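Residues per chain, in single letters:
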Amino acid sequence: MIITPTVIAGVWIVDAEPFADERGLFARTFCAEEFAAAGLAVEVTQCSVAYNKHAGTIRGLHWAAEPVRETKLVRCTRGALLDVIVDPRPDSPTYLRHVAVELTADNHRALFIDAGLAHGYQTLVDATEATYQMNVPFTPGHDRGLRFDDPRLAIAWPLPVSVVSAKDRAWDLLPAEQAGIASEPAGVAGV
């Protein structure tokens with residue numbers, strides 16, 4: 001595996017290094033020792049799958065509030081999606097910036113997302129499936145979110161939005177510009 005940090009502290013790209021032969025390919029997608037060597041502490045206690053019927057579907061942007069310290073390893077196992085991580089931590093130097101990374105069933109790429117970071121994605125093709133490995137079970141009452149279309153985030157979703165949940169449409173917009181917050185767009189960094 002190749003584990004690469006992004007411009008947002010706590011977001012890491014995890015690329016598989018497949019071995020291919022006449023049968024197909026084989027690749028390690030998780031190794032506790034390699035993650036620990038990169039400084040990523042992962043204890044998987046829950047795994048989930050999200051199936052999305054239509055291209056353009058948006059899920060997110062979600063995170064778990066304190067004291068829940070939810071980390072995630074997200075991978076696209078069918079189809080393709082654009083995964084977006086936003087930094088909602090007011091004391092962070094990358095506050096309200098985001099990273100966008102394409103995850104596909106073919107590129108075998110995953111994202112490690114540390115606790116306190118907002119995560120969401122848009123499906124790029126019909127019948128897209130994503131798997132999540134989390135270090136803690138979902139904890140009702142601690143879920144938080146940002147609006148996928150908040151102008152302060154300036155996320156350029158690649159497709160028109162086809163489906164989004166009522167809950168994700170209902171998150172409040174961020175307050176107007178405040179003292180100490182940069183007036184430039186949040187910005188994006190990709191790979």
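Residues numbered from 1 in each chain as written. Predicted model: local features only at pLDDT ≥ 70, side-chain atom pairs only at ≥ 80, totals over all residues. Heavy atoms only, no water.

Asker: Can you help me understand the layout of surface pockets in this one?
Answerer: Unfilled space is identified by rolling a water-sized probe across the atoms. Taken as a whole, the largest pocket encloses approximately 600 Å³ of empty space. Lining the largest pocket are 34 residues, and of these Arg59, His62, Lys72, Tyr132 and Phe138 lie nearest its centre. Put simply, the parts of the chain that give the lining of the largest pocket at least two residues each are strand S5 (46–52), strand S6 (57–64), strand S11 (118–123), strand S12 (128–134), strand S13 (143–145), strand S14 (163–164) and helix H2 (166–170). At 7 residues, S6 tops the list of elements feeding residues into the lining of the largest pocket. Residues belonging to the lining of the largest pocket are distributed by class as follows: 15 nonpolar, 11 polar and 8 charged. (1 Å grid on protein atoms, 1.4 Å probe; cavity = no way out; pocket = protein on both sides within 12 Å on 5 of 7 lines; lining within 4 Å. Points joined across faces, edges and corners; volume = space filled by probe spheres on them. Helix = DSSP H or I, 4+ residues; strand = E, 2+ residues; numbered from the N terminus. Nonpolar A, V, L, I, M, F, W, Y, C, P; charged D, E, K, R; others polar.)

Asker: Any chance you could explain the pairing of strand S7 (residues 72–78) here in plain terms?
Answerer: Sheet faces and side chains relate simply in a regular strand, where the side chains alternate between the two faces. In terms of burial, S7 is largely enclosed, as 5 of its 7 residues are buried. Alignment of S7 against S12, held across 6 bridges, turns out to be antiparallel. Considered in S12, the bridge of Cys76 is made with Ala130. (Buried < 20%, exposed > 50% of the residue type's maximum accessible area, 1.4 Å probe, protein only. Pairing = 2+ DSSP bridges.)

Asker: Would you take a moment to explain the sheet that holds strand S2 (residues 11–15) for this structure?
Answerer: Strand pairs in the sheet, formed through backbone hydrogen bonds, run parallel or antiparallel to each other. If you trace the 6 strands from one edge of the open sheet to the other, you get S1-S2-S10-S7-S12-S5, paired in antiparallel fashion. Two strands close off the open sheet at either side, each with one partner strand: strand S1 (2–5) and S5. Pairs of neighbouring strands in the sheet enclose a mean axial angle of 25°, with direction left out of account. Judged from the 4 bridges that link them, S7 and strand S10 (residues 109–113) form a sheet pairing that is antiparallel. Directly across from Arg75, in S10, lies its bridge partner Ala110. (Axes fitted to C-alpha atoms, helices over the stretch in contact; angles between N-to-C directions.)

Asker: Please explain the pattern of salt bridges as it appears in this structure.
Answerer: A side chain with one charge may pair with a side chain of the opposite charge, provided their charged atoms come close. Using the criterion set out here, one finds 8 salt bridges in the structure. Taking the shortest distance from any N to any O, the salt bridge between Asp87 and Arg89 comes out at 2.7 Å. According to the relative accessible area criterion, Asp87 is buried, its value standing at 0%. Owing to a relative accessible area of 26%, Arg89 belongs among the partly exposed residues under this scheme. Arg147 is the partner of Asp149 in a salt bridge, and the nearest nitrogen-oxygen pair spans 2.7 Å. (Salt bridge = Lys/Arg side-chain N within 4 Å of Asp/Glu carboxyl O.)

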